[in-house]
Amino acid sequence: VDFQISYRGRNNQPSFFQIVPVFNNTNSRNIILGNPELKSEFSHGFVTTMRAFIPSRVQYIETNFAYNYVKDKIVTDKKPVENSTIQQTTFRNAKGYYDWRWNYVFNTPFENDDWMLEMTGGLDYYNNLSYIEDRERTTKQFILAQTLQLKYSLGNYLESMFNANYSRNKAS
């Protein structure tokens, strides 16, 4: 059994176009204006991983969980320009972005060594932020994915696989 825990901190500076206070109208329908008061965002990431191999059964299992929190997340702030169909986009820092992910893999012989069964899957959640007309918007997104694979091997001559996949993506 192998168990690991890790932490990663990462600083993300705003780009030049995000901080320069000059109108960028290369797209005449979406005018971009930088925000010189924009701060860097800082991401805190934690990951745990557990792996195990059971030689007597020739089984392998792995699972991991990751959590990420971003302080001062750089997000867009969009608003319409009065009496027109033009949108103006600028940038600001927001508090409250986070995401987490859980994944697993399980592999085992099925019937005999010629057949292998593998199950993989995961669940992700994102709490994403943006602004529209100076009002904070939160998008909560769940992603579920499952895969089942049955593999048959006939020596070094033939290998055949059957895969079944399911995924669900729900945002609100």
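Structure shown above.
Residues numbered from 1 in each chain as written. Predicted model: local features only at pLDDT ≥ 70, side-chain atom pairs only at ≥ 80, totals over all residues. Heavy atoms only, no water.

Novice: In this structure, what is going on with the overall build of the protein? I would like to understand it.
Specialist: Helix and strand counts for the protein come out as one helix and eleven strands. The N-to-C order of helical and strand elements in the protein reads β-α-β-β-β-β-β-β-β-β-β-β. Computed over its C-alpha atoms, the radius of gyration of the protein comes to 23 Å, more than 25% above the 16 Å expected for a compact globule of 172 residues. Dimensions of the protein, computed from the C-alpha atoms along their principal axes, are close to 70 × 35 × 30 Å. (Helix = DSSP H or I, 4+ residues; strand = E, 2+ residues; numbered from the N terminus. Rg over C-alpha atoms; globule rule 2.2 N^0.38 Å.)

Novice: Help me understand the environment of lysine 39, please; the structure alone is not making it clear to me.
Specialist: Summarising the element assignment, lysine 39 is placed in the loop between β3 (30-33) and β4 (41-54). Lysine 39 sits in the partly exposed class, given a relative accessible area of 45%. Residues lysine 39 and leucine 129, 90 residues apart in the sequence, show an inter-C-alpha distance of 16 Å. For lysine 39, the residues in contact, after removing those within four places along its chain, are Pro14, Asp72, Ile74 and Asn93. (Buried < 20%, exposed > 50% of the residue type's maximum accessible area, 1.4 Å probe, protein only. Contact = heavy atoms within 4.5 Å.)

Novice: In this structure, what is going on with the pattern of salt bridges? I would like to understand it.
Specialist: Pairing of side chains with opposite charge becomes possible as their charged atoms draw close. Taken as a whole and judged by the stated rule, the model has eight salt bridges. Here aspartate 134 ties to lysine 79 by a salt bridge, and the two come within 3.4 Å at their closest N and O atoms. A residue pair is termed long-range when its members are at least 10 positions apart, and aspartate 134 in the loop between β9 (112-132) and β10 (135-154) and lysine 79 in strand β6 (residues 73-80) qualify at 55 residues. Assessed through its relative accessible area of 46%, aspartate 134 is described here as partly exposed. For lysine 79, a relative accessible area of 27% translates into the label partly exposed. Linking aspartate 99 and arginine 101 is a salt bridge whose minimum nitrogen-to-oxygen distance equals 2.5 Å. In this structure aspartate 99 comes out as buried when scored by relative accessible area, which is 3%. Note on arginine 101: relative accessible area 27%, which makes it partly exposed. Each of Asp77, Lys79, Arg92 and Asp134 takes part in a single network of salt bridges with overlapping partners. (Salt bridge = Lys/Arg side-chain N within 4 Å of Asp/Glu carboxyl O.)

Novice: What is the right way to look at the packing of aromatic side chains in this model?
Specialist: The description of two aromatic rings rests on the distance between their centres and on the angle between their planes. Per the counting criterion, the structure on display carries nine aromatic pairs. The cationic tip of lysine 73 hangs over the ring face of tyrosine 97; the distance from NZ or CZ to the ring centre is 4.8 Å. In this arrangement the basic side chain of arginine 92 is found over the ring face of tyrosine 131, its NZ or CZ atom lying 3.9 Å from the centre. (Phe/Tyr/Trp six-rings, centres within 6.5 Å; stacked < 30°, edge-to-face > 60°. Lys NZ or Arg CZ within 6 Å of the ring centre and 35° of its normal.)

Novice: Just to check I follow, could you spell out unusual backbone geometry for this structure?
Specialist: Residues other than glycine predominantly adopt negative phi, and peptide bonds predominantly adopt the trans conformation. You will see that aspartate 72, though not glycine, has its phi angle at about 60 degrees, which is positive. Along the polypeptide, aspartate 72 turns up in the loop between β5 (59-71) and β6. At glutamate 133, a residue that is not glycine, the phi angle is positive and equals roughly 50 degrees. Inspection of the secondary structure puts glutamate 133 in the loop between β9 and β10.

Novice: Before we go on, may I ask you to explain the pairing of β5 in this structure?
Specialist: Relative to β5, β4 is paired through 13 bridges, and the arrangement is antiparallel. Across the sheet, the residue bridging to phenylalanine 42 is lysine 71, located in β5. What sits between β4 and β5 in their antiparallel hairpin is a turn of four residues, with valine 58 showing a positive phi close to 55 degrees. (Pairing = 2+ DSSP bridges.)

Novice: Sorry if this is basic, but what is going on with the nonpolar core here?
Specialist: In summary, soluble globular proteins display a tendency toward joint burial of nonpolar side chains. Within the largest apolar cluster, six residues are counted, these being Val70, Val75, Ala94, Tyr97, Leu129 and Tyr131. The contacts of leucine 129, once residues within four sequence positions are left out, are Val75, Ala94, Lys95, Gly96, Tyr97, Glu136, Arg137 and Thr138. (Core = buried A, V, L, I, M, F, W, Y, C linked by side-chain atoms within 4.5 Å.)

Novice: Can you help me understand the environment of phenylalanine 106 in this one?
Specialist: Along the chain, phenylalanine 106 falls in strand β8 (residues 97-110). Look past the residues within four positions of phenylalanine 106 in its chain and what remains in contact with it is Gln59, Tyr60, Ile61, Leu117, Glu118 and Met119.

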